[in-house]
Amino acid sequence: MKRFRMFRLIVILMLFCCNLSHGQQWFYETVTNDLQEGGLYPSMTKDLQGNLHATWWNQFQDKLMYGFKHRDSLSWRMEPVDPLKNNGIRSKIKISPTGLVSAAWFENINGRLFLRFGIRNAQTNLWEIENPSDDQWGNYSEVQTMNDPYLEPSLDFDFENATNVHLLFFNARYNRQLNQYGLDMRYTYRYNSGNWQKPEFLLPDLPLWRLDLPYDELIAGCRYGEFMRIIRGFNGRMLSFFPGNNNGVLYRMTQNPLLGSWNITEFDSAMRLGAQNPISQFYTDVRLGVYYEGMDITTSPDRSYHLTYSTSHRNGRNDLFEQYRALHYCRIDSNNVPRFQEIYFPFRGTYNSHTSVAVKGNDTIFISYAERDSNRYRLAYSTDTGFTWQL
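Quick caveat: nothing in here was measured; it's all calculated off a predicted structure. (Residues numbered from 1 in each chain as written. Predicted model: local features only at pLDDT ≥ 70, side-chain atom pairs only at ≥ 80, totals over all residues. Heavy atoms only, no water.)

Chemist: Would you take a moment to explain the overall build of the chain for this structure?
Modeler: Scanning the chain from terminus to terminus reveals three helices and 26 strands. Across the chain, contacts joining residues at least 24 apart in sequence account for 48% of those joining residues at least 6 apart. Accessible surface, the chain as shown: approximately 17,900 Å² in total, 49% of it carbon and sulfur. (Helix = DSSP H or I, 4+ residues; strand = E, 2+ residues; numbered from the N terminus. Contact = heavy atoms within 4.5 Å. Areas by Shrake-Rupley, 256 points an atom, 1.4 Å probe, with all protein chains shown as cover.)

Here it is, written out as structure tokens:
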């Protein structure tokens, strides 16, 4: 299985000309160049003042790094988030409603994944770290073993308000020898700066996999919630999207007024994808399945949501039908009506979570993705609210 890596963390900035169709100019900034795999799995955000904040994993030191760049500065300032611990194989960084830099990440304890959350104190410049869970959630390693093959942890969080935090993460636990697995999404939250709730399933504990499937099929594709996104909705409640488990369904999850309660509905499916695609038999063939991979969401001032994700069709880890892939965009307007569009078909994947979306104003949308064929980052953009796209 190929992996898309950045051994140097590079921030790519784009200056847009008056007419996008006439070209763009790219500017690159090297954030860290320690030549020791110092910029893996980055996450970046921008505060209201235009300053940049990023986290990434220094694999050589096994440390979660935090970087800051003032909008008027030419250089980055960086520091380990928790220098006394091994951590950072995956992280997510966001700005709280009160402007505090916040992050969630996995810590390494004896080779296992443990969940952590922290807020950077603006006065002391130190991270105040919390333990949302004391349980272990998988294998902390990029070295695939017989017990934990091809599993990649993931997590995301957002603020409901200044004190309430909602966190989703993928439980990447599998032991082939003992036939134990926990390929599922978990949810935890913290209210009023109090204690974190015990991570839980959001759906009934249904069988996640058919045990009679060949082993290669068992570990292939997306698992329940492996690539999830969560965001605060315009109505003040949380909104999340996550894939089903080898069933060709993308789910939408909206927060109910009752604490910890959610409404989960089907948002997209292999049936709709098949109806829109000339090779619909590959979408509806249960032996192949539809796998949702890269996923991201953002908003625009007109109270619309912009969601992007990729799909692929595989039968086992060997990607027998990996050529049947597509990049998708969905705009959900203020009336909560989704408009789906397939941007690019066929294309060769997005390397799992390497997909992101950004919006300029209400009408101009940018989607970046990592293309497998060329091993390059690519950009798709639309200037008419997503009706037409240029690659």
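Chemist: Any chance you could explain the side chain of Ser43 here in plain terms?
Modeler: Residue placement: Ser43 occurs in strand β3 (residues 40-46). Residue classification places Ser43 among the buried positions, given a relative accessible area of 6%. Within the local environment of Ser43, its side chain forms a polar contact with the backbone nitrogen of Ile93, the two atoms lying 3.1 Å apart. Excluding its chain neighbours within four sequence positions, the residues that come into contact with Ser43 are His53, Ala54, Thr55, Ser91, Lys92 and Ile93. (Buried < 20%, exposed > 50% of the residue type's maximum accessible area, 1.4 Å probe, protein only. Polar contact = N/O pair within 3.5 Å; in protein donor to acceptor, adjacent residues only side chain to side chain.)

Chemist: Teacher, can you tell me more about the nonpolar core here?
Modeler: Proteins that are soluble and globular tend to have nonpolar side chains buried together. Ranked by size, the top nonpolar core spans 19 residues in total, and within it Phe106, Phe117, Phe157, Leu167 and Phe169 carry the most contacts. Going through the elements one at a time, β3, β8 (101-109), β9 (112-120), β11 (155-159) and β12 (165-171) are the ones with two or more residues in this core. Considering each element in turn, this core owes the most residues, four residues, to β9. When near neighbours in sequence (up to four residues on either side) are disregarded, Phe169 contacts Phe106, Leu115, Trp137, Ser154, Leu155, Asp184, Met185, Arg186, Pro199 and Met228. Ranked by size, the runner-up nonpolar core spans 14 residues in total, among them Leu168, Met185, Tyr187 and Tyr191. (Core = buried A, V, L, I, M, F, W, Y, C linked by side-chain atoms within 4.5 Å.)

Chemist: Whenever I open this one, the pattern of salt bridges confuses me. Can you help?
Modeler: Where charged atoms from two side chains of opposite charge come close, those side chains can pair. Using the criterion set out here, one finds eight salt bridges in the structure. Across the pair Glu79 and Arg120 runs a salt bridge whose closest N-O atoms are separated by 2.8 Å. Of the two residues, Glu79 sits in strand β6 (residues 77-80) while Arg120 sits in strand β9, which places them 41 residues apart along the sequence. Glu79 sits in the buried class, given a relative accessible area of 17%. Since its relative accessible area comes to 9%, Arg120 is described here as buried. The partner of Arg190 in a salt bridge is Glu130, with the nearest N and O atoms 2.7 Å apart. Within this pair, whereas Arg190 is found in strand β15 (residues 184-190), its partner Glu130 is found in strand β10 (residues 127-130), the two being separated by 60 residues in sequence. One continuous salt-bridge network, built from bridges that share partners, spans Lys94, Asp156 and Asp158. (Salt bridge = Lys/Arg side-chain N within 4 Å of Asp/Glu carboxyl O.)

Chemist: How should the packing of aromatic side chains be read in this particular structure?
Modeler: Each aromatic ring pair is summarised here by two numbers: the centre-to-centre distance and the angle between the ring planes. This model, assessed by the stated rule, comprises 16 aromatic pairs. Between the aromatic rings of Tyr41 and Trp57, the centroid separation amounts to 6.3 Å while the plane-to-plane angle is 25°, which identifies the pairing as stacked. A residue pair is termed long-range when its members are at least 10 positions apart, and Tyr41 in strand β3 and Trp57 in strand β4 (residues 52-58) qualify at 16 residues. Ring geometry for Phe242 versus Tyr251: centroids 5.5 Å apart, planes at 25°, classification stacked. This pair shows no difference in class: Phe242 is buried, exactly as Tyr251 is. In this structure an aromatic cluster arises from ring pairing among Phe117, Phe157, Phe159 and Trp196. For Lys94, the ring lying beneath its charged end belongs to Phe157, and the centroid distance is 5.8 Å. Taking the ring centre of Phe387 as reference, the NZ or CZ of Arg339 above it sits at 3.9 Å. (Phe/Tyr/Trp six-rings, centres within 6.5 Å; stacked < 30°, edge-to-face > 60°. Lys NZ or Arg CZ within 6 Å of the ring centre and 35° of its normal.)

Chemist: Looking at this structure, how should I read the sheet that holds β12?
Modeler: Sheet strands pair by backbone hydrogen bonding; their relative direction is either parallel or antiparallel. Taken in spatial order, the three strands make up an open sheet running β11-β12-β15, and their pairing is antiparallel. Edge strands, defined here as strands with exactly one partner in the open sheet, are β11 and β15. Sheet twist, expressed as the mean angle between neighbouring strand axes with direction ignored, is 15°. As judged from the seven bridges shared by β12 and β15, these two strands associate in the antiparallel manner. Across the sheet, residue Leu168 finds its bridge partner in β15, namely Tyr187. (Pairing = 2+ DSSP bridges. Axes fitted to C-alpha atoms, helices over the stretch in contact; angles between N-to-C directions.)

Chemist: Please explain the confidence of the model for the chain as it appears in this structure.
Modeler: Low-pLDDT portions of the prediction should not be read for the details of their coordinates. Residues of the chain with pLDDT of at least 70 account for 66%, and the chain-wide mean is 76. Low confidence marks residues 145-149, where pLDDT is under 50. Its contacts with residues over four positions away, or in another chain, come to 17 contacts. Segment residues 205-222: pLDDT under 50, and 45 contacts once partners within four positions in sequence are set aside and those in other chains are kept. (pLDDT = per-residue confidence, 0-100.)

Chemist: Explanation requested: the environment of Asn195 in the structure shown.
Modeler: Inspection of the secondary structure assignment puts Asn195 in the loop between β15 and α1 (215-218). On the basis of relative accessible area, Asn195 is assigned to the exposed category, the value being 68%. Along the backbone, Asn195 and Asn131 are 64 residues apart, and their C-alpha atoms lie at a distance of 9.2 Å. Apart from residues lying up to four places away in sequence, Asn195 is in contact with Tyr189 and Arg190.

Chemist: Before we go on, may I ask you to explain the pairing of strand β7 (residues 87-95) in this structure?
Modeler: Most of β7 sits inside the fold, with eight of its nine residues counted as buried. In terms of strand pairing, β7 meets β8 through six bridges, oriented antiparallel. Bridging across to β8, Ile93 finds its partner in Ala103. The turn linking β7 back onto β8 is made up of five residues, and Gly99 within it adopts a positive phi angle of 90°.

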